[in-house]
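Below are the chains, spelled out letter by letter.
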Amino acid sequence: AVVSTQSTGSEKVKVIHVYRDPKDVVCSLFLFMQKDRRKVKLGFEGDFSDCVDWFLKGGLVNGCYWEFNKEYLENEDGHKILHLTYEELTLEKPAAIRKINSFLGYDELSEEDIVSVDKATSLDPTKLKPDQHGKPGRAKEMLTQEQRSRFNERSRVEFEGFEGIPQSYTDEN
C-alpha cells in the first residue's frame, strides 16, 4: 500500500506524489553520491555508466524507481492523490501552487499569495553549489544518446497505460 491508514490514523489522508524524469533522477543521484562517500552507504560503487546500469536494474536503496512510482499511479487503495511532476513544480510553479491549493481544498489564492508562496518555497540560487542547480534537463548533458534511449524504452514499457506521464519521460522531445 502507498499509504497505510493504520500508520496515519486517518482514512481521509491526501497524498501529493511528486515524481521526476528518471533520466534526471539518475544524474542527480550520481552527483549526490559523489559526496562524503555516500556511494558506499547506498550500496553502489562505480562510475556514471555503472550508475546508469545499476539504476535501470532497479538498484536503489528504496527500490526500483518505476515500481515505486507505479504504486502511487495505480493507487489500488483509492487514496486521494495529486500527481505532480518535479518539472511542473520547477518550471510551472505558480500553476503547481494553484493545483496543490485546490487539491487541499483551500480558497483560491490571489496573485500576491502565489508570489508569496513561490518565494517562501524557493531555494536561494546564491547558496547552491554548481552541481545543485535542481533544474530539469541535466540528463541531456550527462547521458549518452544510447543511455537516454534505454531510459525512454524502460519508461515506455513501465508507464504504459498511465495517464499524465510527460512525453519527455519516454521520448527525446
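Residues numbered from 1 in each chain as written. Predicted model: local features only at pLDDT ≥ 70, side-chain atom pairs only at ≥ 80, totals over all residues. Heavy atoms only, no water.

Q: Any details on the nonpolar core? Residues and values, ideally.
A: Val26, Phe55, Tyr65, Trp66, Leu143 and Phe151 are the most contacted members of the largest nonpolar core, which totals 24 residues. Of all the elements in the fold, those that place two or more residues in this core are helix H2 (22–33), helix H4 (48–56) and helix H5 (65–74). Top contributing element to this core by residue count: H4, with six residues. Contacts of Leu143, omitting those with residues within four sequence positions, involve Lys23, Val26, Cys27, Phe48, Val52, Arg148 and Phe151. (Core = buried A, V, L, I, M, F, W, Y, C linked by side-chain atoms within 4.5 Å. Buried < 20%, exposed > 50% of the residue type's maximum accessible area, 1.4 Å probe, protein only. Helix = DSSP H or I, 4+ residues; strand = E, 2+ residues; numbered from the N terminus. Contact = heavy atoms within 4.5 Å.)

Q: Explain helix H10 (residues 145–158) to me, and be specific about the residues and the numbers.
A: The first and last C-alpha atoms of H10 sit 20 Å apart over 14 residues, in line with the 20 Å expected at 1.5 Å per residue. Gln147, Arg148, Phe151, Asn152, Ser155 and Glu158 are the residues of H10 that are buried. Mapping the buried residues of H10 onto a view down its axis gives an arc of 135 degrees, with all of them on the same face. Looking at the buried residues of H10, the elements they touch are H2, H4, H5 and helix H9 (138–142). (Expected span 1.5 Å × (residues − 1). Arc of directions from axis to C-beta.)

So yeah, pure geometry; function would need other evidence.
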